Amino acid sequence: MVNLIKNEWMKIFKRPGTYVMIALLIIVTAILGAFFKYQEKGPDVVDNHWEQTLIQENDALNRQMKQSSSKVEQQFFKKEIAINEYRIKHHISPHEQYNVWSFVKNASDLIVLTGLFTIIISAGIVASEFSWGTIKLLLIRPINRTKILTSKYITVILFALFLLAILFIFSTLLGAVLFGMPEQTVSYLNYYKGHVTEQNIVVHLLMYYGLSSIDMIMLTTMAFMISSVFRNSSLAIGLSIFLLFTGGQFTALISLKYSWAKYILFANTDLMQYVEGTPMVEGMTMPFSILMLLVYFIVFQLLAFLTFKKRDVAA
Amino acid sequence: MESIVELKNVSKVMKGRTIIDDISFKVNKGEVFGFLGPNGAGKTTTIRMIVGLIGITSGDITIGGYSIKTDFEAAVGHVGAIVENPEMYKFLTGYQNLIHYARMSRGITKEKIAETVKLVGLEDRINDRVKTYSLGMRQRLGLAQCLLHDPEVLILDEPTNGLDPAGIREIRDYIRLLAREKNMAVIVSSHLLTEMEMMCDRIGIIQNGKLMDVQQVKEFINTAEVMFELEVTPSETALSIVKSTYPNVQAGLSRNGITVGLSKQEIPRLVKQLAKEEIQIYGIKETVKTLEDRFLEVTGEKGGTQRG
């Protein structure tokens, strides 16, 4: 199996397109860094009476919450108030210097870019063998098809992790150079089920990365499935990327009207909604979402493997 | 002789159409077996079934005693194959391609790879990308790829397709060498009869998914009778004379005159006869039926009776 993964890895990294992807990821991160650096300039207003300000803010929020009828809004105000109260109680100023971790968090928006690239690789990894004609020589080795497809899937996941690692490490390095390390250890204030807790920022960021990647992993799996079932990489790329960018919005729209929206893949990919914030459809829970994700994952994999195993390699 | 590949009543149905219909044959060690048939007869489909690229609807195929259906890994481990064109990863070098395939079989050393590269004569270009290779070089790389794991069975689908005469000759010598020296069983398919005649020990003729005939090449050609071609005018009159004198003999019109299936001894008598009837005779030529004629005969006859 290790040898098969080595083979797939070699086939990815001997193509110039892969390096274009990595370069793009680094360049876009750098541009983002430059943008934030430029924005950061300007006099820093240090508010010495921030505790006073927060108390006033909370009063305002409380009033707004009473007027609001939307549940989502009320949840949001509740969270803000809780965090503000925690800050006042533990003397944590909201005016933090923009530092390396703030940048890493901002740069994590680019996970969608790594998702895009991984989808492209995933969509091609089976379909290309067919279009190159190399599938014939690949499948007449003393290795059964299940192992070959498994090695391809593992390679795609490794590639995703590789891109995420590049993004994380590069944005940390760039952030450290541009914005400097924070003077004291920063904690992240986490609001979960009405409680506020402090969390190490690096742990928080890694968790954030992990949860943000679920979207991408699921769509990558879908692209992999389409690639294996239809042997068509354009279809796999097109459909998966379209859903990557719009799936969330569509599901949010549907969820306004219909409660079955909770069974749609994209209602469940954002597990962050349970850690902080509120679920998209009322009554959804973390275990429910994990179960839904598993169901989708298994369906995708079954389709991919069954068709690949049964396929007659004709033309 | 020991058989290594065995097809037992193999059929393939695709979308309700029977593409391969109950084919059975054996291929022995050290023999070159030719698979001959017009385009679309089912050569490639049969070959793909032997290597497991296509499923078998009914029947079974064994290689070295292992069924390709139930024991795929063991069966295909004996096989090296090129199916249609040797498609390689064009963005990799020749050597990387070989490494790629070497990793997929057990126990192939770097020395073995180097040895194989030398065998097919690609030492100079092996570190260039396959993109830059000529068709002949790709064919040789394809051959290297199937020889890496010392297979007992070599399967080549249309191995000379698109090659120039020198390339064709090279491949042909190579195949004969492998069968003789390494006692490999080689299965080649082609629609080029002359090629098959020079390469193979035995030929199986396939048409419309049915195996029409399996024959030794020598036998196959020798059973052909000698024909004489007479350049005469007017040919129609000459033909009717022949037909009335020798009612049981095969005769027909040809491009420049007539052909007759007479024995050599009978020719002077026929000439005398024709001269008497004032037929102009310009030349007489002995023609041996080529494999091609035989082939067309076999496929024509049996295909014809089948349809009728």
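Small disclaimer: the values here were computed from a predicted structure and weren't measured.

Colleague: Please explain the overall build of chain A as it appears in this structure.
Modeller: In terms of regular secondary structure, chain A is built from 13 helices and two strands. Along the longest, intermediate and shortest principal axes, the C-alpha atoms of chain A span 75 × 45 × 25 Å. The contacts of chain A with a sequence gap of at least 6 include a subset with a gap of at least 24, amounting to 77%. Summed over all atoms, the accessible surface of chain A reaches about 16100 Å², with 66% contributed by carbon and sulfur.

Colleague: Help me out: how do you make sense of the overall build of chain B in this one?
Modeller: Tallying secondary structure elements over chain B gives 11 helices and 14 strands in all. Considered along the principal axes of its C-alpha atoms, chain B spans approximately 80 × 45 × 35 Å. In the structure as shown, chain B presents an accessible area of about 14500 Å², 48% of it carried by carbon and sulfur atoms. Averaging the coordinates of the 39 positive side-chain charges in chain B and doing the same for the 40 negative ones gives two points 3 Å apart.

Colleague: When you look at the interface of chain A and chain B in this model, what are you seeing that I'm missing?
Modeller: In many reports, interface size means the accessible area that the parts give up when they come together. Contact with chain A, which involves 29 residues of that partner, is made by 31 residues of chain B. Regarding the contact of chain A and chain B, the summed buried area is about 2800 Å², with carbon and sulfur atoms giving 59% of it. Looking only at chain A, the three residues that lose the most surface to chain B are Leu137, Ile140 and Arg141 of chain A, adding up to 24% of its buried area. The interface formed by chain A and chain B includes four salt bridges. Lys12 of chain B is the partner of Asp312 of chain A in a salt bridge, and the nearest nitrogen-oxygen pair spans 2.7 Å. When contributions to the side of chain A that touches chain B are tallied by element, the ones reaching two or more residues are α1 (2-13), α6 (111-132), α7 (135-138) and α8 (145-179) of chain A. Looking at which element gives the most residues to the side of chain A that touches chain B, the answer is α1 of chain A, with six residues. Here the side of chain A that touches chain B is built from residues that sort into 13 nonpolar, five polar and 11 charged.

Colleague: Any chance you could explain the packing of aromatic side chains here in plain terms?
Modeller: How two aromatic rings sit relative to each other is set out by the distance from centre to centre and by the angle between their planes. Inspection of every chain in the model, using the stated rule, returns 24 aromatic pairs over all chains. Considering the side-chain rings of Tyr153 of chain A and Phe224 of chain A, the 5.1 Å spacing of their centres and the 65° angle between planes classify their relative orientation as edge-to-face. Linking Tyr153 of chain A in helix α8 with Phe224 of chain A in helix α9 (residues 201-230), this pair joins segments that are 71 residues apart in sequence. Pair check on accessibility: Tyr153 of chain A and Phe224 of chain A agree, each one buried. The ring of Phe91 of chain B has Arg15 of chain A sitting right over it, with the charged end atom 5.3 Å from the ring centre. Lying across the ring of Phe288 of chain A, Lys262 of chain A places its NZ or CZ 5.7 Å from the centre.

Colleague: Where do I start with the side chain of Gln215 of chain B in this structure?
Modeller: When you line up the elements, Gln215 of chain B lands in strand β10 (residues 210-216). Separated by 3.0 Å, the side chains of Gln215 of chain B and Asp213 of chain B make a polar contact.

Colleague: What exactly am I supposed to notice about the domain arrangement of chain B here?
Modeller: Domain boundaries in chain B define domain 1 (3-217) and domain 2 (226-288). With centres defined by C-alpha atoms, the gap from domain 1 of chain B to domain 2 of chain B works out at 46 Å.

Colleague: Where do I start with the sheet that holds strand β8 (residues 185-190) of chain B in this structure?
Modeller: Through backbone hydrogen bonds, the strands of a sheet pair up, either in parallel or in antiparallel fashion. Residues and elements named next belong to chain B. Reading across from one edge, β6-β7-β8-β3-β9-β10 is the order of the six strands in this open sheet, with mixed pairing throughout. The open sheet has two edge strands, β6 (79-82) and β10, and neither has a second partner. Shown here is a sheet whose adjacent strand axes are inclined to one another by a mean of 15°, direction ignored. Bridge count for strand β3 (residues 32-36) against strand β9 (residues 202-207) is four bridges, and the pairing is parallel.

Colleague: Could you clarify how one ought to interpret the nonpolar core in this entry?
Modeller: In this structure, Leu143, Ile155, Leu156 and Val186 of chain B are the most contacted members of the largest nonpolar core, which totals 154 residues. With 15 residues, α9 of chain A is the single largest residue contributor to this core. Val242, Leu262, Ile267 and Ile279 of chain B belong to the second-largest nonpolar core, a separate cluster that totals 15 residues.

Colleague: How should I be thinking about the packing of helix α9 (residues 235-245) of chain B against helix α10 (residues 267-276) of chain B in this particular structure?
Modeller: Axis angle and axis distance: for two packed helices, these are the angle between their axes and the distance between the axes, and together they describe the pair. Residues and elements named next belong to chain B. Orientation of α9 relative to α10, taken along the N-to-C sense of each, is 130°, at an axis distance of 11 Å. Looking at the two axes, α9 sits oblique to α10. As for how α9 packs across α10, the hand of that crossing is right-handed. Taken together, the residues of α10 that come into contact with α9 (itself represented by Ala238, Ile241, Val242 and Thr245) are Leu270, Gln273 and Leu274.

Colleague: What is the right way to look at helix α5 (residues 135-147) of chain B in this model?
Modeller: Because an α-helix packs 3.6 residues into every turn, residues spaced three or four apart end up facing the same way. Taking 1.5 Å as the rise per residue, α5 of chain B with 13 residues should run 18 Å; its terminal C-alpha atoms sit 18 Å apart, in good agreement. Within α5 of chain B, 10 of the 13 residues are buried, which leaves it mostly tucked inside the rest of the structure. Within the span of α5 of chain B, buried status applies to Met137, Arg138, Gln139, Leu141, Gly142, Leu143, Ala144, Gln145, Cys146 and Leu147 of chain B. Buried residues belonging to α5 of chain B abut α7 of chain A together with β6, α3 (94-102), α4 (110-119), β7 (153-157) and α6 (165-181) of chain B.

Colleague: Quick question: what am I supposed to make of the sheet that holds strand β1 (residues 3-14) of chain B here?
Modeller: All names here are of chain B. Pairing within the open sheet is antiparallel, and its four strands lie in the order β2-β1-β4-β5. Edge positions in the open sheet fall to β2 (17-28) and β5 (66-67), since each of these has one partner strand only. Sitting on the sheet, helix α1 (residues 43-50) is in contact with β1, β2 and β4 (58-63), with an inclination near 120° to β1.

Colleague: For this particular structure, what's the right way to read the pairing of β7 of chain B?
Modeller: In the case of a regular strand, side chains alternate between the two sheet surfaces. Residues and elements named next belong to chain B. β7 sits mainly inside the fold: five of its five residues count as buried. Strand direction decides the pairing type here: β6 and β7, joined by four bridges, are parallel. What sits directly across from Val79, in β7, is Val153. The sheet contact formed by β7 and β8 spans five bridges and is parallel. Paired with Leu154 across the strands is Val186, a residue of β8.

Colleague: What should I look at first to understand the confidence of the model for chain A in this one?
Modeller: Any segment with low pLDDT has predicted coordinates that should not be analysed in fine detail. Predicted confidence across chain A gives a mean pLDDT of 83, with 90% of residues reaching 70 or more. Per-element confidence in chain A ranges from a low mean pLDDT of 70 for strand β1 (residues 187-192) of chain A to a high of 92 for α1 of chain A.

Conventions adopted
Residues numbered from 1 in each chain as written. Chains lettered and ligands numbered in written order. Predicted model: local features only at pLDDT ≥ 70, side-chain atom pairs only at ≥ 80, totals over all residues. Heavy atoms only, no water. Helix = DSSP H or I, 4+ residues; strand = E, 2+ residues; numbered from the N terminus. Contact = heavy atoms within 4.5 Å. Areas by Shrake-Rupley, 256 points an atom, 1.4 Å probe, with all protein chains shown as cover. Lys, Arg positive; Asp, Glu negative; His and termini not counted. Charge placed at Lys NZ, Arg CZ, Asp CG, Glu CD. Buried area = accessible area lost by both parts, 1.4 Å probe. Salt bridge = Lys/Arg side-chain N within 4 Å of Asp/Glu carboxyl O. Nonpolar A, V, L, I, M, F, W, Y, C, P; charged D, E, K, R; others polar. Phe/Tyr/Trp six-rings, centres within 6.5 Å; stacked < 30°, edge-to-face > 60°. Buried < 20%, exposed > 50% of the residue type's maximum accessible area, 1.4 Å probe, protein only. Lys NZ or Arg CZ within 6 Å of the ring centre and 35° of its normal. Polar contact = N/O pair within 3.5 Å; in protein donor to acceptor, adjacent residues only side chain to side chain. Domains from an automatic or database assignment. Pairing = 2+ DSSP bridges. Axes fitted to C-alpha atoms, helices over the stretch in contact; angles between N-to-C directions. Core = buried A, V, L, I, M, F, W, Y, C linked by side-chain atoms within 4.5 Å. Parallel < 35°, antiparallel > 145°, perpendicular 65-115°, else oblique. Left-handed = near helix turned anticlockwise from the far one by under 90°. Expected span 1.5 Å × (residues − 1). pLDDT = per-residue confidence, 0-100.

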